[in-house]
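Report on the structure
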Amino acid sequence: MERTEQLSQIKVLLSRLDSGTNVDAGGVRLNPTASYTDSSIADTERDLFFHKHPQLLGLSCDLPEAGSFFTSNDLDTRILATRDDDGRFRAFVNACRHRGVAVEEEESGKKRRFVCPFHSWSYDSQGALVGLPKEDQFGEIDKECFGLIELPAEEKYGFLFANPDPSGTVDIDGLLGEELSKEFDAWNFGTFGRLGGDRYEVECNWKLAIDTFGETYHFNSLHKESLANFFQGNVQCYDTYGQHHRMILCKKAIQEMREWPEDRWEITVAGLPVYWIFPNNIVMPSDFGLYVVRAYPDKSNPGRHTSVISFYVNGEKSGTAKSSTVPADRQALLETAPLEVLSEVAQGFAAIIRDEDYVASASQQRSAETGALDHVIFGRNEPALHHYHNTYRAALGMDLLPLLDPTSMK
Ligand code: FES
Ligand SMILES: [Fe+2]
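Residues numbered from 1 in each chain as written. Chains lettered and ligands numbered in written order. Predicted model: local features only at pLDDT ≥ 70, side-chain atom pairs only at ≥ 80, totals over all residues.

**Some points on the overall build of the chain**
From N to C terminus, the chain includes 12 helices and 20 strands. Over its C-alpha trace the chain gives a radius of gyration of 23 Å, about what one expects of a compact globule, namely 22 Å for 410 residues. Reported as C-alpha extents along the three principal axes, the dimensions of the chain are approximately 80 × 55 × 35 Å. Of all 410 residues assigned to the chain, the portion counted as buried reaches 42%. For the chain, long-range pairs separated by at least 24 residues make up 63% of all intrachain contacts whose partners lie at least 6 apart in sequence. (Helix = DSSP H or I, 4+ residues; strand = E, 2+ residues; numbered from the N terminus. Rg over C-alpha atoms; globule rule 2.2 N^0.38 Å. Buried ≥ 20, exposed ≤ 12 C-beta atoms within 10 Å, placed from the backbone. Contact = placed C-beta atoms within 7 Å.)

What follows is the structure, given as structure tokens:
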């Protein structure tokens, strides 16, 4: 985020804090709980959002050098991502061209050749079929025609995006739009390093996982013993960028920061920016790095999903960072053993998502599935929820959720 934008957003947070106001969606909307349970909606989402739409596979540092690779099994299409000998990011369908076995099972590593475990056909980091045993007995094939199926892929602003549909496209600037592209460019995610990650299988629809990142109304109750120590609940900035949006949550550290000279103000001390990149990505730059949460639907059950949480560290800040989400008595640790402690802080944050947010999400799913509720309500102070769901609905060709007429609620 550019400096002028940081200052202007910090001032919005301060004025909302001082006036006791919050963003206002202009009214409330009812969201049918079928959105979380209906299997035909789930099938269409998987096809349109998770097969025919570019996917955020990771950050540049997930492929740190030529020969690096990682695999992704979270989509219907299994993907092998590589950085080839020229340093170029590439993505392939992880399926051997002989009879379809995945050529790589390991999560990540460094390799010059990917050798299929079934009959040992081998491929290089550019996906070319470079060898097959007993070629004379197998029969003649043109090896150039049987490389791994390559997927459209692009690396920009530190993001690695690929389209699981080989006939699709990826255009990161087109996807994000000019304003958000500029903002992500300023974050320098391309210089960040990987710190760790976790994955959670949760008994709730993937959109309920996304919903939990859509408001801070719940901080003073659900997170009263955890995040509420560091965040000011129910105060935020909110802006939309086409299908995407940006929230900025307010940290309590903003009160101390306001006494500093303005040239020392930083948005990640005053708040936590939370970007939603359509359809399933939450990107949160923190004071020492970045959290990325991606929610993937289960293949057959709309009431289950997997959340993949990744932590990254900002190389420029590690070792010197003071985190405004870490108690003062632990600040010294940040400087003496930065990576281990930052990793622990990141794990702690992920555990809150697992143990608090996703427990509530699973409870919501149960109410939806048992038919206990036909609808849930999105409040005026929860504009992200309005935007998520109307964006999903528009993309699915469904009617948008209207603002509710208060007189019709009696
Ligand atoms: S399926 Fe891969 S070598 Fe046969
Ligand atoms: Fe939460």
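**Digging into the sheet that holds strand S10 (residues 150–151)**
Spatially, the 5 strands line up as an open sheet ordered S6-S3-S4-S5-S10, and their pairing is antiparallel. Of all strands in the sheet, those with a lone pairing partner are strand S6 (108–110) and S10, marking the two edges. By the bridge criterion, 4 bridges tie strand S3 (residues 68–72) to strand S4 (residues 79–83) in an arrangement that is antiparallel. Residue pairing for S4: Phe 70 is matched across the bridge by Ala 81. (Pairing = 2+ DSSP bridges.)

**A short note on the domain arrangement of the chain**
According to the domain assignment, the chain consists of domain 1 (3–51 + 178–396) and domain 2 (55–170). Here the C-alpha centroids of domain 1 and domain 2 sit 32 Å apart. Listed by contribution, the elements that provide at least two residues to the side of domain 1 that touches domain 2 are helix H3 (39–50), helix H6 (178–187), strand S13 (192–202), strand S18 (289–297) and strand S19 (305–314). Looking at the side of domain 1 that touches domain 2, the element that brings in the most residues is S19, giving 4 residues. Across the side of domain 1 that touches domain 2, the residue classes break down as 8 nonpolar, 7 polar and 5 charged. (Domains from an automatic or database assignment. Nonpolar A, V, L, I, M, F, W, Y, C, P; charged D, E, K, R; others polar.)

**Some points on the pairing of strand S16 (residues 271–277)**
Burial within S16 is extensive, with 7 of its 7 residues counted as buried. Burial of the side chains of S16 extends over both faces: Gly 271, Pro 273, Tyr 275 and Ile 277 are buried on one face and Leu 272, Val 274 and Trp 276 on the other. Two strands pair when backbone bridges link them, and strand S15 (residues 244–251) and S16 are joined in this way by 6 bridges, in the antiparallel orientation. Across the sheet, the residue bridging to Leu 249 is Leu 272, located in S16. Note that S16 and strand S17 (residues 281–285) share 3 bridges and pair antiparallel. Counterpart to Trp 276 in the pairing with S17 is Ile 282.

**A few points about the nonpolar core**
Core analysis: the biggest nonpolar cluster contains 92 residues, and Ala 81 and Ala 162 have the highest contact counts within it. For this core, the leading source of residues is helix H11 (residues 338–369), giving 8 residues. Taken domain by domain, the makeup of this core includes at least three residues from each of domain 1 (3–51 + 178–396) and domain 2 (55–170). Not counting residues within four places of it along the chain, the set of residues in contact with Ala 81 comprises Leu 57, Leu 63, Phe 69, Phe 70, Ser 72, Phe 89, Ala 91, Leu 160 and Ala 162. (Core = buried A, V, L, I, M, F, W, Y, C linked by C-beta atoms within 7 Å.)

**Some thoughts on the environment of Asp 165**
When you line up the elements, Asp 165 lands in the loop between strand S12 (159–162) and helix H5 (172–176). Residue class for Asp 165 comes out partly exposed when judged on the 15 C-beta atoms lying within 10 Å of it. Contact partners of Asp 165, with chain neighbours within four places excluded, come to His 51 and Lys 52.

**Here's the deal with unusual backbone geometry**
Of the consecutive residues Phe 278 and Pro 279, the connecting peptide bond is found in the cis state with omega at 0 degrees. Phi at Asn 188 takes a positive value of approximately 60 degrees, unusual for a residue other than glycine. Counting through the fold element by element, Asn 188 comes out in the loop between H6 and S13. Given 14 C-beta atoms within 10 Å, Asn 188 falls into the partly exposed group. A positive phi is found at Asn 234, a non-glycine position, where the angle reads about 65 degrees.

**Description of helix H12 (residues 383–396)**
Across its 14 residues, H12 extends 20 Å between first and last C-alpha, which sits within 8% of the 20 Å expected from 1.5 Å per residue. Looking at H12, one finds that the buried residues are Pro 383, Ala 384, Leu 385, His 386, His 387, Tyr 388, His 389 and Tyr 392. Backbone geometry just after H12 places Gly 397 at a positive phi near 75 degrees. (Expected span 1.5 Å × (residues − 1).)

**Things to note about the pairing of strand S14 (residues 231–241)**
Pairing analysis gives 8 bridges linking S14 to S15, with the strands arranged antiparallel. By the bridge assignment, Asp 239 is partnered in S15 with Arg 246. Hairpin connection, S14 to S15: the antiparallel pair is bridged by 2 residues, and Gly 242 has positive phi, about 60 degrees.

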